[in-house]
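# Summary of the model geometry
Each chain, letter by letter, is given below.
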Amino acid sequence: MSSPEPIKFTDGAAYERFMAPWSRSAGTLFLDWLATGPGLAWVDVGSGNGAFTELLLAKSAPSSVCAIDPSDAQIATARQKLSAKQVELSIGDAMALPYDANRFDVAVMALVLFFVPDPRKGVSEMIRVTKPGGMIASYTWDVMRGGTPPQPVWEELDAMGKPSARPPSADISRFAALKALWAELGIRDVETRELVVERTFADFDDYWLSMVVSSPSGVVGNLSDGEKAELKRRLQDRLPASAKGEITVHAWATAIKGRKVA
Ligand SMILES: C[S@@+](CC[C@H](N)C(=O)[O-])C[C@H]1O[C@@H](n2cnc3c(N)ncnc32)[C@H](O)[C@@H]1O
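What you see is a predicted model, and the numbers here were worked out from it, not measured in a lab.

### Things to note about the pairing of strand S2 (residues 64–69)
- For S2, a buried count of five out of six residues is recorded, marking the element as mostly surrounded by other parts of the structure.
- Where S2 and strand S3 (residues 87–91) come together, five bridges link them in parallel fashion. From the neighbouring strand, Cys 66 faces S3, where its bridge partner is Glu 88.

Quick look at the structure:
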């Protein structure tokens, strides 16, 4: 069995087809649950192509947003869609945020913490840049319990002996691991929530384009034409279509929020 390449987000337009619709559904539930007031200074760590940043601008009425991601391709796409004056986009890493201490009211990671090589360091950085009493929050797909949108693709590739890369810090998606980390780092008033979402694809071709062809490098890997045909056949057998031919897939995420000691 060959070992998979790590997942890399190198195409902001492909991310729009693959994950952005999922990010918008789960991000809506996440932001409703955070229930922050308007006029706050936010940092959006691992902002990707701006799908979640756009949502938080629309729903949470921030005074400012610093959005940061290590992928220049993701940031380039975000630049095209985010023209709001109050958004500052940067290329950078969650493990070493280029911001002064005690700057933000709210620090968030949306679908990011499980990609951060050392989640403890990443959350410590969010705490450092947040004001005392400010909010530190994150959500990730529930990878360990099968809640990730590409789970059907992963499982079929596993069965074919062509395993797909998983997020490198997937263990942090467990509620127990999240709660332990937030407690260890002294975050107060901690609450958790499961976020359940679904996405309906117009037909199997739409599913294939969105969840396989547009997936980031490392997910599908270098399949031969024959292997692609086998994956297609397996997914068609596995995913029931409605009378109209639509395919609906569910996913769920683990979310956590708390406050920096005042
Ligand atoms: C699934 S996307 C989420 C993007 C966006 N937050 C959203 O909800 O649509 C994961 C993002 O994490 C970014 N990422 C990966 N490693 C990171 C790190 N060490 N620090 C910050 N972001 C990282 C990737 O470049 C990618 O854009």
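### Regarding the packing of aromatic side chains
- Within this structure, the stated rule accounts for eleven aromatic pairs.
- Each ring, one from Phe 9 and one from Tyr 15, has its centre 5.8 Å from the other, and the planes form 70°; the classification is edge-to-face.
- With a relative accessible area of 23%, Phe 9 lands in the partly exposed category.
- On the basis of relative accessibility, which here comes to 10%, the residue Tyr 15 falls in the buried class.
- Pairing Tyr 139 with Trp 141 gives two aromatic rings, centres 6.4 Å apart and planes at 90°, and the pair type is edge-to-face. Neither residue differs from the other here; Tyr 139 and Trp 141 are each classed as buried.
- Clustering of aromatic rings is evident, with ring pairs tying together Trp 22, Phe 30, Phe 52, Tyr 139 and Trp 141.

### A closer look at the site of the ligand
- As a structural note, the neighbourhood of the ligand is formed by 18 residues, with Tyr 15, Gly 46, Asp 69, Ala 94 and Ala 110 the closest of them.
- Backbone polar atom of Ala 110 to a nitrogen atom of the ligand: 2.8 Å apart, as the coordinates give it.
- Here the ligand, which alone exposes 590 Å², has 94% of that area covered by the protein.
- Class assignment for the residues of the shell around the ligand results in ten nonpolar, six polar and two charged.

### With respect to the pattern of salt bridges
- A complete count under the given rule lists 17 salt bridges for this structure.
- Of the charged contacts in the structure, one is a salt bridge between Glu 155 and Arg 238, with a shortest N-O distance of 2.8 Å. Of this pair, Glu 155 sits in helix H6 (residues 151–159) while Arg 238 sits in helix H9 (residues 225–238); the two residues are 83 residues apart in sequence, bridging distant segments of the chain.
- For Glu 155, a relative accessible area of 31% translates into the label partly exposed.
- Notably, a salt bridge pairs Glu 230 with Arg 234, separated by 2.9 Å at the nearest N-O pair. Within this pair, Glu 230 and its partner Arg 234 are both found in helix H9, separated by four residues, close to a single helical turn.
- By relative accessible area, Glu 230 is classed as partly exposed at 26%.
- A cluster of three or more residues bridged by salt bridges with shared partners is formed by Glu 155, Glu 156, Glu 230, Arg 234 and Arg 238.

### Overview of H6
- Taken together, the buried positions of H6 are occupied by Gln 151, Pro 152, Val 153, Trp 154, Glu 156 and Leu 157.
- Contact partners of the buried residues in H6: helix H8 (204–213) and H9.
- Note on H6: the residue one or two positions beyond its end, Gly 161, has a positive phi of about 75°.

What counts, and where the lines are drawn
Residues numbered from 1 in each chain as written. Predicted model: local features only at pLDDT ≥ 70, side-chain atom pairs only at ≥ 80, totals over all residues. Heavy atoms only, no water. Buried < 20%, exposed > 50% of the residue type's maximum accessible area, 1.4 Å probe, protein only. Helix = DSSP H or I, 4+ residues; strand = E, 2+ residues; numbered from the N terminus. Pairing = 2+ DSSP bridges. Phe/Tyr/Trp six-rings, centres within 6.5 Å; stacked < 30°, edge-to-face > 60°. Near = heavy atom within 4 Å. Polar contact = N/O pair within 3.5 Å; in protein donor to acceptor, adjacent residues only side chain to side chain. Areas by Shrake-Rupley, 256 points an atom, 1.4 Å probe, with all protein chains shown as cover. Nonpolar A, V, L, I, M, F, W, Y, C, P; charged D, E, K, R; others polar. Salt bridge = Lys/Arg side-chain N within 4 Å of Asp/Glu carboxyl O. Contact = heavy atoms within 4.5 Å.

Remember that the coordinates give geometry; whether it matters functionally is a separate question.
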